[in-house]
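Inside the fold
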Amino acid sequence: MGLRALRRLRGRDYLTLKDVMPEEFRALVLRSLDYKRGLVSGTPLTRKYVAGIFEKPSTRTRVSFSVAVSSLGGTFLNLPKESLQISRGETLKDTALVLSRFVDAIAARVKSHNTLTELASWADVPVINLLSDRYHPLQALADVVTIVESFGGRKVDVAFVGDGSANTCASLMFASVLMGYNFRVGAPESYMPREDDLKFAKRLAELTGSEIDLTEDPKEAVKDVHVIYTDTWFSMGVLDIDKRKEIFPPYQVNSELLKAASPEAIVMHCQPWFLGQEITEEVAYGPRSRAFDEAENRLHTSKAVLEAILGI
Ligand code: CP
Ligand code: NVA
C-alpha cells in the first residue's frame, strides 16, 4: 500500500503539499523512517542528474539534498542563481527548456513561488521546491518525521508560534492536516496564514479529522499541545523588519511559554534560528528541543522524495 502510494509520485512536481494526498504523504513519512533506520539500500538515482538552483542562501537544504542525491547514486549540480544566465535576463522558459535536455529533475530555492510554477510549466522534468516565499514542503516532511519519532502514530496537537505568514507555517499546516493532527497558530493578527491556504487546509481537515485554530494569544496557542514550533520572525526577503521587531517579542518560545504545553511537549525549529528572538538559547538547546533531529531528518526525507519522484 505504501509503495503503491509512493509510485503515484513518480514524475510529479513537489512544489507544495497542496498537491499531495494523505496516503502519499504518509507513505513518504514511512519511507523516510525506513531510510533513517537503514532499511533501504540501492542506488535508484544511478545516472540521474538533479539541477539545484539557489536564489537565496541555504545550508541544511543544499547539503542534505545534495548528499541525498549522491547517496542514491545520482549527481547534484549546485547552481547559485548568479552563476546562471537567468541573472543576465535569460527567461525562466528557456532555462527550464534547456535544463530539461540535460537533467532529470530541477530543484530550486526561489524568492517568489511564481518562479517555481513558471519553471514547472515549461520544464519536461519534475520540479522540486527547496523553499519559496510561500512554502517549504521538504522541511514540513522532515518536521512530521520528527514528530512521529517522538509520538509514533498518535494524533497530536501542533502549535506554530510566531510568524504565521511564514512559508514553514503554511507547509506545516498542510502536513499536520495530511497526518490528521490538530493545528493551532499563535501569531499577531496581521501575520496569520493566507486566507487561500487556510481555506484549502480547512477543506482537507474535514476529510482527515483535523482541527485548525488561530489565536493571537501565544499561551492559548500552546495550551496542552504536544509540539511547539517556531521559525525566525524575519524570513529571507521580508521588508517590514521594524514593525516585526515591535510586534513579535510576546511570541518568543521560552521556558515560561513551555509551561502551558503538555508535559511531554517537544520544541521544533527549522533553523537557522536567532537566539534570544523567537527562541531562547535555553530552550533551543534544552531537553525538549528536537531541532537537530529535525535537521538530520532533512537528509532521510530528501532521499524518500527523490526516490519516489525519480527512482521507484
Ligand atoms: N531549514 C532550512 O531550510 O535551512 P537552510 O536555509 O539552511 O537550507
Ligand atoms: N522562514 C524562513 C525559513 C528558512 C529555512 C525563511 O524563509 O527565511
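Keep in mind that this is a model prediction, so the values were computed, not measured. Here the residue index of a chain counts from 1 through its sequence in written order. For naming, the first written chain is A and the first written ligand is 1, with later ones following in the order written. This being a predicted model, a pLDDT of at least 70 is required before a residue's local features are given, and a value of 80 or more before pairs of side-chain atoms are given or counted; all residues contribute to the totals for chains, interfaces and linings. Heavy atoms throughout the structure, all of them, feed into the side-chain values; hydrogens and water do not.

**Some remarks on the overall build of the protein**
For the protein, the count of helices and strands is 13 helices and nine strands. Taking the principal axes of the C-alpha coordinates as reference, the protein spans close to 55 × 45 × 35 Å. Only protein chains enter the area calculation, which uses a 1.4 Å probe; residues under 20% of their type maximum are buried, those over 50% are exposed, and those in between are partly exposed. Here the protein, with 312 residues, has 58% of them falling under the buried criterion. Residues are treated as being in contact if the distance between any of their heavy atoms lies within 4.5 Å. For the protein, contacts bridging at least 24 residues in sequence account for 76% of all contacts bridging at least 6. Note on areas: Shrake-Rupley with a 1.4 Å probe; residue coverage comes only from the protein chains shown. Accessible surface computed for the protein: about 13200 Å², of which carbon and sulfur atoms make up 51%. With 39 positive and 41 negative side-chain charges, the protein shows a separation of 6 Å between the mean positions of the two kinds. Secondary structure counts use DSSP, requiring at least four H or I residues in a row for a helix and at least two E residues in a row for a strand, with both numbered from the N terminus. Positive: Lys, Arg. Negative: Asp, Glu. His and the chain ends are not part of the count. For the purpose of locating charges, the reference atoms are NZ of Lys, CZ of Arg, CG of Asp and CD of Glu.

**Some details on the packing of helix H2 (residues 22-36) against helix H13 (residues 291-311)**
Working convention: axes come from line fits to C-alpha atoms, limited for helices to the stretch in contact. Angles between N-to-C directions cover 0 to 180 degrees. At a minimum axis distance of 8 Å, the contact between H2 and H13 shows a crossing angle of 120 degrees. Along this stretch, H2 crosses H13, giving a crossing that reads as right-handed. In this structure, H2 uses Leu28, Arg31, Ser32, Tyr35 and Lys36 to contact H13, whose residues at the interface are Glu296, Asn297, His300, Thr301, Lys303, Ala304, Val305, Glu307 and Ala308. Here the residues of the contact of H2 with H13 are counted per class, giving five nonpolar, four polar and five charged. Crossing chirality is assigned from the near helix's rotation relative to the far helix, an anticlockwise turn below a right angle marking it left-handed and a clockwise turn marking it right-handed. Lys, Arg, Asp and Glu make up the charged group, whereas Ala, Val, Leu, Ile, Met, Phe, Trp, Tyr, Cys and Pro make up the nonpolar group; the residues left over, Gly among them, are polar.

**Topic: the side chain of Gln271**
Note on placement: Gln271 falls in the loop between strand E9 (266-269) and helix H12 (281-284). Within the local environment of Gln271, its side chain forms a polar contact with the side chain of Arg60, the two groups lying 3.4 Å apart. Sequence-distant contacts of Gln271, defined by excluding residues within four places in its chain, comprise Arg60, Ala291, Phe292 and Ala295. Side-chain atoms alone can form a polar contact between residues adjacent in sequence; in general such a contact is a pair of N or O atoms within 3.5 Å, and within protein one must be able to donate a hydrogen while the other accepts it.

**Side note on the sheet that holds strand E7 (residues 212-215)**
Across a sheet, paired strands are connected by hydrogen bonds in the backbone, their directions being either parallel or antiparallel. Paired strands, in this sense, are two strands between which DSSP finds at least two bridges. Taken together, the five strands give an open sheet; going across it, the order is E7-E6-E5-E8-E9, and neighbouring strands pair in parallel fashion. Each edge of the sheet is formed by a strand with only one pairing partner; in this case those strands are E7 and E9. Pairs of neighbouring strands in the sheet enclose a mean axial angle of 20 degrees, with direction left out of account. Where strand E5 (residues 157-161) and strand E8 (residues 227-230) come together, three bridges link them in parallel fashion. Considered in E8, the bridge of Phe160 is made with Tyr229.

**Some points on a nonpolar patch on the surface**
Every patch collects residues that have over 30% relative accessible area and no salt bridge, joining them within 9 Å if they carry like charges and within 5 Å if they are nonpolar side chains (Val, Leu, Ile, Met, Phe, Trp, Tyr). Whenever Lys or Arg places a side-chain nitrogen within 4 Å of a carboxyl oxygen from Asp or Glu, that contact is recorded as a salt bridge. Taken together, the side chains of Leu275, Tyr285 and Phe292 define a hydrophobic patch exposed on the protein surface, amounting to about 320 Å² of accessible area. Within the element layout of this structure, Leu275 appears in the loop between E9 and H12. Overall, Leu275 belongs to the partly exposed group, its relative accessible area being 35%.

**Quick notes on the site of ligand 1**
Around ligand 1, a shell composed of Ser58, Thr59, Arg60, Thr61, Arg109, His136, Gln139, Cys270, Gln271 and Arg298 is seen. At 2.7 Å, a side-chain N or O of Ser58 approaches an oxygen atom of ligand 1. A distance of 3.0 Å is found between a nitrogen atom of ligand 1 and a backbone nitrogen or oxygen belonging to Cys270. In isolation ligand 1 offers 260 Å² of accessible surface; the protein chains occlude 95% of this area. We call a residue near a molecule or strand as soon as one heavy atom of that residue lies within 4 Å of the molecule or strand.

**A short note on the site of ligand 2**
Residues in contact with ligand 2, as listed here, are Leu131, Asn167, Asp231, Ser235, Met236 and Gln271. A distance of 2.8 Å is found between a nitrogen atom of ligand 2 and a side-chain nitrogen or oxygen belonging to Asn167. Between Asp231 and ligand 2, the recorded distance is 2.6 Å, taken from a side-chain N or O atom to a nitrogen atom. By residue class, the composition of the shell around ligand 2 is two nonpolar, three polar and one charged.

**A short note on the nonpolar core**
Residues grouped as a nonpolar core are buried Ala, Val, Leu, Ile, Met, Phe, Trp, Tyr and Cys residues, joined through side-chain atoms within 4.5 Å. Counting residues in each nonpolar core, the largest one holds 67 residues, and the members touching the most others are Tyr14, Phe25, Phe65 and Leu306. The dominant element in this core, judged by the number of residues it contributes, is helix H7 (residues 167-179), at nine residues. Not counting chain neighbours up to four residues away, the residues in contact with Leu306 comprise Leu45, Val50, Phe65, Ala68, Val69, Leu72, Ile128 and Gly311.

**With respect to the packing of aromatic side chains**
Ring pairs (aromatic) are described by centroid distance and by the angle formed between their planes. Each aromatic pair joins two rings of Phe, Tyr and Trp (for Trp, the six-membered one) with centres within 6.5 Å, and gets the label stacked for planes under 30 degrees apart, edge-to-face for over 60, and tilted for any other angle. In this structure the tally under the stated criterion is ten aromatic pairs. Here Phe160 and Tyr229 contribute two aromatic rings whose centre-to-centre distance is 5.6 Å and whose plane-to-plane angle is 20 degrees, an arrangement assigned as stacked. Of this pair, Phe160 sits in strand E5 while Tyr229 sits in strand E8, and the two are 69 residues apart along the sequence. Judged by relative accessible area, which is 0%, Phe160 ranks as buried. Between Trp273 and Tyr285 the ring centres are 5.4 Å apart and the planes differ by 75 degrees, which places this aromatic pair in the edge-to-face class. One end of the pair, Trp273, is in the loop between E9 and H12; the other, Tyr285, is in the loop between H12 and H13, and twelve residues separate them in sequence. With relative accessibility at 13%, the residue Trp273 sits in the buried group. The rings of Tyr191, Trp233, Phe248 and Tyr251 are connected pair by pair, giving a single aromatic cluster. The ring centre of Phe200 lies 5.6 Å from the NZ or CZ of Lys18, which sits over that ring. Charge-over-ring contacts are defined here by two conditions on Lys NZ or Arg CZ: a distance within 6 Å of the ring centre and an angle within 35 degrees of the ring normal.

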